[in-house]
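Results of the structural survey
Residues per chain, in single letters:
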Amino acid sequence: MTAWAQSLIRISNYEVETLQKRLAEVSARRATAEMRLAVLDAEVEVERERARLDAHANMMLAAYLNGWKARRAAAESDLSVIDAEEAGARDALTGAFEELKKFEHVAETTRLNKLIAIAKRETAAFDELGLRKRAV
C-alpha cells in the first residue's frame, strides 16, 4: 500500500473514531434527557397520589401541575434538539464510513493493479526468454 493511501486511511479512521465518540456522547445525553422525562412523570404521579390523600396538597396540585407542564415541555424540547443532533451525528458517521471504504477500495485496487503489472512484466520476461531459447 502506498504512503498516500495509508495516510488517507489513517485520517479517515481518525474521523470515524471521532464521530463515534461524538455519537456516543449525544446518545448518553439522550438517555439522560429520557430519564429526566421519566422522573418528571413519576414525580407527577406521586404528587397526584399525595393530593388524593391530603386536602392541603390537593389545593396546591393545580400550581404544581402548571410548573410540571413547563418543566416537561422544556425536557421534551431538549430531547427534540438532542434527537436532531443524534440524527446529524449518525449521518456524519455514515458518511465517514463511506469515505473510509472508498479509500480502502482505492488502496486495494492500486495494490492489485501493481501486482497485475508485476505479473505481466514477469510473463513478458518469461515469453522473451522462451523466444530466445527457441531462436538458439
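Structure's up top.
These notes cover the structure that comes with them. Computed from a prediction, not measured in an experiment: that's the story for all the values here.

Re the overall build of the protein
Of regular secondary structure, the protein possesses 2 helices and 0 strands. Compactness check: the protein gives a C-alpha radius of gyration of 32 Å against a globular reference of 14 Å for 136 residues, more than 25% above the reference. C-alpha atoms of the protein, sized along the principal axes, occupy 120 × 20 × 15 Å. Each of the 136 residues in the protein was classed as buried or not, and the buried ones make up 20%.

A word on the side chain of Ser12
Considering the arrangement of structural elements, one finds Ser12 in helix α1 (residues 3-53). According to the relative accessible area criterion, Ser12 is buried, its value standing at 5%. Excluding residues that lie within four positions of it along the chain, Ser12 makes contacts with Leu100 and Phe103.

Observations regarding α1
In this model, α1 (51 residues) spans 75 Å end to end at C-alpha, consistent with the 75 Å of a helix rising 1.5 Å per residue. Of the positions making up α1, those classed as buried are Ala5, Ile9, Ser12, Val16, Leu19, Leu23, Val26, Ala33, Leu37, Leu40, Val44 and Ala51.

Quick word on the environment of Met59
Positionally, Met59 belongs in helix α2 (residues 55-135). Judged by its relative accessible area of 63%, Met59 is exposed. As a C-alpha pair, Met59 and Val106 span 47 residues in sequence and 72 Å in three-dimensional space.

Notes on the pattern of salt bridges
Side chains that differ in sign of charge can pair as their charged atoms come close. The final tally for this structure, using the stated rule, is 16 salt bridges. The closest approach of N and O atoms between Arg36 and Asp78, which form a salt bridge, is 2.9 Å. Placement of the pair is Arg36 in helix α1 and Asp78 in helix α2, with a sequence separation of 42 residues. Each of Arg30, Glu34, Asp83, Glu86 and Arg90 takes part in one network of salt bridges that share partners.

Conventions and cut-offs
- Residues numbered from 1 in each chain as written.
- Predicted model: local features only at pLDDT ≥ 70, side-chain atom pairs only at ≥ 80, totals over all residues.
- Heavy atoms only, no water.
- Helix = DSSP H or I, 4+ residues; strand = E, 2+ residues; numbered from the N terminus.
- Rg over C-alpha atoms; globule rule 2.2 N^0.38 Å.
- Buried < 20%, exposed > 50% of the residue type's maximum accessible area, 1.4 Å probe, protein only.
- Contact = heavy atoms within 4.5 Å.
- Expected span 1.5 Å × (residues − 1).
- Salt bridge = Lys/Arg side-chain N within 4 Å of Asp/Glu carboxyl O.

Function-wise, these values are silent; they only describe arrangement.
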